[in-house]
Amino acid sequence: MTMPSIADTPSAHPYEQLTPDVVLDALASVGLYGDGRLTALGSYENRVYQVFLDDGERVVAKFYRPGRWSAAQIGEEHAFSAQLEAAEIPAVGPLTLQGATLHQHAGFAFSVSPWRGGRQPELDDFEVLEWIGRFLARIHTVGASQPFVTRPQLNLQSFGQDSLDWLLAQQMIPLEAETAWRTACEQALTLIAGRASSKNEMRPFGLEDATHIRLHGDCHPGNILWTPVDEAAGTGGPHFVDLDDARMGPAVQDLWMLLSGDRRQRTQQLGALLDGYEQFRTFDRRELVLIEPLRTLRLIHYSAWLARRWEDPIFAINFPWFGSPDYWRGQTDMLIEQIEAMQEAPLVA
């Protein structure tokens, strides 16, 4: 089957009610008054806007996707941000306005953060990677100080099996591509599960063996902004944004998405990251074996994420290729590649 078009969607999505007037009224409800200029920022999961205020300042207003997180889960994200800021770690968290960081308006939960500029870091620069590694270690030191209580854990069930089961139950995969994709997916998940479920004392280190701490959770280059370094002023370098996917998981989850290129390049990048990381925190090198399993789980979870969000018109506009037989054949090929990668020796650094 093919994914439905926007015209097939039976009812309006809640975000269609989030007009510019609603955004400005929401800000006014917490004492911030926009001058009418809004810029939509690159976010699909939520709606995020840069807003110019009438005093010349800029803020970022984030409207959480209805039904995704509970108030308690968002509260844990905000508390984590506050702890990072208190530790002088450059993570951009929400402002406290009228005594709260989470607000409600017209059926939407929203928060407001200070605007911070920057560009993606140059990840082919080993000094930049080492700098990022130092801050990731400091983030993890704070993250390890206490667990999340209500936010989820990154594990085989939540990212892998639940995604597979939902896609099959909802019949999201065209019949001509379903068998091959399901077979590859089940083989990949079995390989990942075997690391943790084997009774053999010599079994490989698995996802459930790792120490799970509070993580950024989605630490790809787009969520790290770099500003020019001014050594005299003591400013510049990386700052971390978007803790929306913060969850419990192994520390290596916040490192592997910063690696790219061939094996030699990834090994060098990993070495630079860990050179910085281990200046502040010990890294369990056994977790390196989890890089390819985590990459595989993200691949499966990403397909389910797109399918679950398809009723939101912005997804059909920005991901028109999703759901076609060619898409699923491509996913099958990538899963087969991941099955091979998971059986190779892990990166070392």
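Residues numbered from 1 in each chain as written. Predicted model: local features only at pLDDT ≥ 70, side-chain atom pairs only at ≥ 80, totals over all residues. Heavy atoms only, no water.

Visitor: How do you make sense of the sheet that holds strand β4 (residues 103-105) when you look at a structure like this?
Guide: In any sheet, the strands associate via hydrogen bonds between backbone groups, in a parallel or an antiparallel arrangement. Read from one edge to the other, the open sheet built from 5 strands follows the order β1-β2-β3-β5-β4, with strand pairing classed as antiparallel. Among the strands making up the open sheet, the edge pair consists of β1 (34-40) and β4. In this sheet, adjacent strand axes meet at a mean angle of 35° when their direction is disregarded. Helix α1 (residues 20-29) contacts β1, β2 (47-53), β3 (58-63), β4 and β5 (108-114) of the sheet and is inclined by roughly 120° relative to β1. (Pairing = 2+ DSSP bridges. Helix = DSSP H or I, 4+ residues; strand = E, 2+ residues; numbered from the N terminus. Axes fitted to C-alpha atoms, helices over the stretch in contact; angles between N-to-C directions. Contact = heavy atoms within 4.5 Å.)

Visitor: Which parts of the structure should I look at to understand the side chain of Thr296?
Guide: Relative to the elements of secondary structure, Thr296 occurs in helix α8 (residues 291-308). In terms of polar contacts, Thr296 uses its side chain to reach the backbone carbonyl oxygen of Glu292, at 2.8 Å. Those residues within four positions of Thr296 in sequence are excluded, and the remaining contacts are Ala188, Ile192, Leu335, Gln338 and Met342. (Polar contact = N/O pair within 3.5 Å; in protein donor to acceptor, adjacent residues only side chain to side chain.)

Visitor: In this structure, what is going on with helix α3 (residues 126-143)? I would like to understand it.
Guide: One turn of an α-helix holds 3.6 residues; hence residues three or four places apart share an orientation. With 18 residues, α3 extends 25 Å from end C-alpha to end C-alpha; this agrees with the ideal 26 Å at 1.5 Å per step. For α3, the capping residue at the N-terminal end is Asp125, with a side-chain oxygen 2.9 Å from the backbone nitrogen of Glu127. (Expected span 1.5 Å × (residues − 1).)

Visitor: Honestly, helix α2 (residues 71-86) in this entry has me stumped. Any pointers?
Guide: Given a rise of 1.5 Å per residue, 16 residues ought to cover 22 Å, and the 22 Å separating the end C-alpha atoms of α2 matches this to within 8%. Along α2, the residues that are buried comprise Gln73, Ile74, Glu76, Glu77, His78, Phe80, Ser81 and Leu84. The inward-facing, buried residues of α2 contact β3, β5, α3 and β6 (213-214). One or two residues past the end of α2 sits Glu88, with phi positive at roughly 60°. (Buried < 20%, exposed > 50% of the residue type's maximum accessible area, 1.4 Å probe, protein only.)

Visitor: Help me understand the nonpolar core, please; the structure alone is not making it clear to me.
Guide: For soluble globular proteins, nonpolar side chains are generally found buried alongside one another. In terms of nonpolar packing, the biggest core is built from 75 residues, with Ile132, Leu136 and Phe240 touching the most fellow members. Of the residues forming this core, the biggest block, 9 residues, is contributed by α8. Residue contacts for Leu136: discarding those within four places in its chain leaves Cys219, Phe240, Asp254, Leu255, Leu258 and Tyr277. (Core = buried A, V, L, I, M, F, W, Y, C linked by side-chain atoms within 4.5 Å.)

Visitor: Help me understand the pairing of β2 in this model?
Guide: Remark: a regular strand shows side chains that alternate across the two faces of the sheet. Within β2, 7 of the 7 residues are buried, which leaves it mostly tucked inside the rest of the structure. With burial as the criterion, each face of β2 is covered, one bearing Arg47, Tyr49, Val51 and Leu53 and the other bearing Val48, Gln50 and Phe52. With 4 bridges connecting them, β1 and β2 associate as antiparallel partners. Across the sheet, the residue bridging to Leu38 is Val51, located in β2. From the end of β1 to the start of β2, which pair antiparallel, there are 6 residues. In terms of strand pairing, β2 meets β3 through 6 bridges, oriented antiparallel. Paired with Tyr49 across the strands is Ala61, a residue of β3. Linkage of β2 to β3, two consecutive antiparallel strands, is achieved through a turn of 4 residues, within which Gly56 is found at a positive phi near 95°.

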